[in-house]
Amino acid sequence: MSNPLPTGIDVLDRKLGGGLPAGSMVALTAEPASQAELFLYELTATRGTLWLSLDRTAEAVRDSIENTPAKTGDPTVRHISGEAPLDNAGKLVSALPETSNLIVDPLDVLESQEPPSRFRSFMNDLQNHIFNTDSLGILHCLEGRSVPPLRDTTEHFADVVFHLQTDITGDEVENKLAIPKFRGGRAPSDTIKLDLVEEVSIDTSRDIA
């Protein structure tokens, strides 16, 4: 992989040989009650970032970024509301500049739009634009009590899939990151135990599985 784009998360960049290929679209799947947003916050420190928020207001997202102890950048945050989120998101994506980050948080709102063909069209346009601008697209996909029916479509489109699993065992919260898919690269065969308190780091209190 030549000239990978760093994620800003040292443990991941080391695991991935320096980062992710330019033009990649990444699905980050995690439970809503997890610290997955730390991944998104730290990504903003690497390069210019457009953050599309489908749930929280732009002010709420900016407040969270400003208040996190993790190292962050100064992303452009846009809240997408209304009855045509796919159209509104598509207009913003089309203006993404070269070598940027795009964060869609969460993608679930768009995955639930009807008919399914409109979502597939959006994903094709998104993938083309991310590739043509040598950018990174991070799709925050919630693995909650209900999963959108088009989640399989999202993971099929994605070049890379990060799966964060959060378990509560006794008096401890355990976080494990798996990378089951890496199109055009080598998917690590092992998981990474993470400490997700103030930033994303390796959990050194236990052996790394």
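Note that the coordinates shown come from a computational prediction; the quantities given were computed from them, not determined experimentally. (Residues numbered from 1 in each chain as written. Predicted model: local features only at pLDDT ≥ 70, side-chain atom pairs only at ≥ 80, totals over all residues. Heavy atoms only, no water.)

Asker: What is the right way to read the environment of Pro106 from this model?
Answerer: Within the secondary structure layout, Pro106 lies in the loop between strand S4 (101-105) and helix H5 (108-111). Expressed as a C-alpha distance, the spacing of Pro106 and Leu142, which sit 36 residues apart in the sequence, is 6.8 Å. Apart from residues no more than four positions distant in its own chain, Pro106 is found in contact with Leu54, Asp55, His140 and Leu142. (Helix = DSSP H or I, 4+ residues; strand = E, 2+ residues; numbered from the N terminus. Contact = heavy atoms within 4.5 Å.)

Asker: Is there a simple way to think about the packing of helix H4 (residues 85-93) against helix H6 (residues 116-132) in this case?
Answerer: To characterise two packed helices, one gives the angle between the axes of the helices and the distance between these axes. One way to put it is that H4 packs onto H6 with a least axis distance of 11 Å and a crossing angle of 10°. Considering their axes alone, H4 and H6 lie roughly parallel with respect to each other. Each of Leu86, Asp87, Ala89, Gly90 and Val93 in H4 lies in contact with H6, whose residues at this interface are Arg118, Phe119, Phe122, Leu126 and His129. Residues of the contact of H4 with H6, tallied by class, amount to six nonpolar, two polar and two charged. (Axes fitted to C-alpha atoms, helices over the stretch in contact; angles between N-to-C directions. Parallel < 35°, antiparallel > 145°, perpendicular 65-115°, else oblique. Nonpolar A, V, L, I, M, F, W, Y, C, P; charged D, E, K, R; others polar.)

Asker: Looking at this structure, I do not really get the pairing of strand S7 (residues 172-182). What am I missing?
Answerer: Consecutive side chains of a regular strand alternate in pointing toward one face of the sheet and then the other. With nine bridges connecting them, strand S6 (residues 160-169) and S7 associate as antiparallel partners. What sits directly across from Leu164, in S7, is Leu177. Linking S6 to S7, which pair antiparallel, is a turn of two residues; within it Gly170 sits at a positive phi near 60°. Taken together, the three bridges between S7 and strand S8 (residues 192-196) define a ladder with antiparallel strand orientation. Note on S8: the bridge partner recorded for Asn175 is Leu194. (Pairing = 2+ DSSP bridges.)

Asker: Honestly, the packing of aromatic side chains in this entry has me stumped. Any pointers?
Answerer: Centre-to-centre distance and the angle between the planes together describe a pair of aromatic rings. With the rule as written, the count across this model stands at one aromatic pair. Residues Tyr41 and Trp51 carry aromatic rings whose centres are separated by 5.9 Å and whose planes lie at 25° to one another, so their mutual orientation is stacked. Pair noted here: Tyr41 is in helix H2 (residues 37-43) and Trp51 is in strand S2 (residues 49-53), with a separation of ten residues, a long-range link. Tyr41 sits in the buried class, given a relative accessible area of 6%. (Phe/Tyr/Trp six-rings, centres within 6.5 Å; stacked < 30°, edge-to-face > 60°. Buried < 20%, exposed > 50% of the residue type's maximum accessible area, 1.4 Å probe, protein only.)

Asker: Sorry, what's going on with the nonpolar core here?
Answerer: Within soluble globular proteins, side chains that are nonpolar generally end up buried alongside one another. Leu20, Phe39, Trp51, Phe162, Leu164, Leu194 and Val200 are the most contacted members of the largest nonpolar core, which totals 34 residues. The set of elements that each furnish at least two residues to this core consists of helix H1 (10-15), strand S1 (24-30), H2, helix H3 (58-67), strand S5 (136-142), S6, S7 and S8. Take this core: its biggest share by element is five residues, from H2. Apart from residues lying up to four places away in sequence, Leu164 is in contact with Thr29, Ala30, Glu31, Ser34, Ala36, Phe39, Asn175, Lys176, Leu177, Leu194 and Leu196. Residues Ala27, Leu50, Ile130 and Val161 belong to the second largest nonpolar core, which totals 25 residues. (Core = buried A, V, L, I, M, F, W, Y, C linked by side-chain atoms within 4.5 Å.)

Asker: Any chance you could explain the side chain of Thr44 here in plain terms?
Answerer: In this structure, Thr44 sits in the loop between H2 and S2. Given a relative accessible area of 4%, Thr44 falls into the buried group. Among the polar contacts listed, one links the side chain of Thr44 to the backbone oxygen of Tyr41, at a separation of 2.6 Å. (Polar contact = N/O pair within 3.5 Å; in protein donor to acceptor, adjacent residues only side chain to side chain.)

Functional significance is not addressed by these values, which are geometric in nature.
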